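Residues per chain are reported as follows:
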Amino acid sequence: MSSSKTKTGAPAAKCPSCRKPVDPAFRPFCSKRCADADLGRWFSGAYAIPGEPVPREALPPEEDED
């Protein structure tokens, strides 16, 4: 059975997307694919930081598109 600890005895890091071992080139992910999938979730709004809604008058004015 293989060990899931590093040389220092700390638990081995796992990719937050698929739980495979982390590749130092893509840390904290295991691959470019998992890193890109995570970035896509941020861009799509799947990840959000909860907070109070901003009042409309506090938003910057919208620019007219000609």
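As a reminder, the structure under discussion sits directly above these lines.
Quick look at helix α1 (residues 32–44) now. With 13 residues, α1 should reach 18 Å at 1.5 Å per residue; the first-to-last C-alpha distance of 18 Å fits that figure. Taken from the residues just after α1, Gly-45 is the one with a positive phi, measuring 90°.

Right, let's get into a nonpolar patch on the surface. Taken together, the side chains of Leu-39, Trp-42, Phe-43 and Tyr-47 define a hydrophobic patch exposed on the protein surface, amounting to about 460 Å² of accessible area. By the element assignment, Tyr-47 lies in the segment after α1. By relative accessible area, which is 30% here, Tyr-47 ends up partly exposed.

Glancing now at the packing of aromatic side chains. Summed over the entire model, instances satisfying the criterion amount to one aromatic pair. On the basis of an interplanar angle of 65° and a centroid distance of 4.9 Å, the ring pair of Trp-42 and Tyr-47 is categorised as edge-to-face.

Further remarks concern unusual backbone geometry. Of note, the amide linkage connecting Arg-27 to Pro-28 takes the cis form, showing an omega dihedral of 10°. Of note, Pro-28 is situated in the segment before α1. Backbone geometry places Arg-19, a non-glycine residue, at a positive phi of 70°. With respect to the helices and strands, Arg-19 occurs in the segment before α1. By relative accessible area, which is 53% here, Arg-19 ends up exposed.

Scoring rules and cut-offs
- Residues numbered from 1 in each chain as written.
- Predicted model: local features only at pLDDT ≥ 70, side-chain atom pairs only at ≥ 80, totals over all residues.
- Heavy atoms only, no water.
- Helix = DSSP H or I, 4+ residues; strand = E, 2+ residues; numbered from the N terminus.
- Expected span 1.5 Å × (residues − 1).
- Patch = residues over 30% accessible without salt bridge, like charges linked within 9 Å, V, L, I, M, F, W, Y side chains within 5 Å.
- Areas by Shrake-Rupley, 256 points an atom, 1.4 Å probe, with all protein chains shown as cover.
- Salt bridge = Lys/Arg side-chain N within 4 Å of Asp/Glu carboxyl O.
- Buried < 20%, exposed > 50% of the residue type's maximum accessible area, 1.4 Å probe, protein only.
- Phe/Tyr/Trp six-rings, centres within 6.5 Å; stacked < 30°, edge-to-face > 60°.

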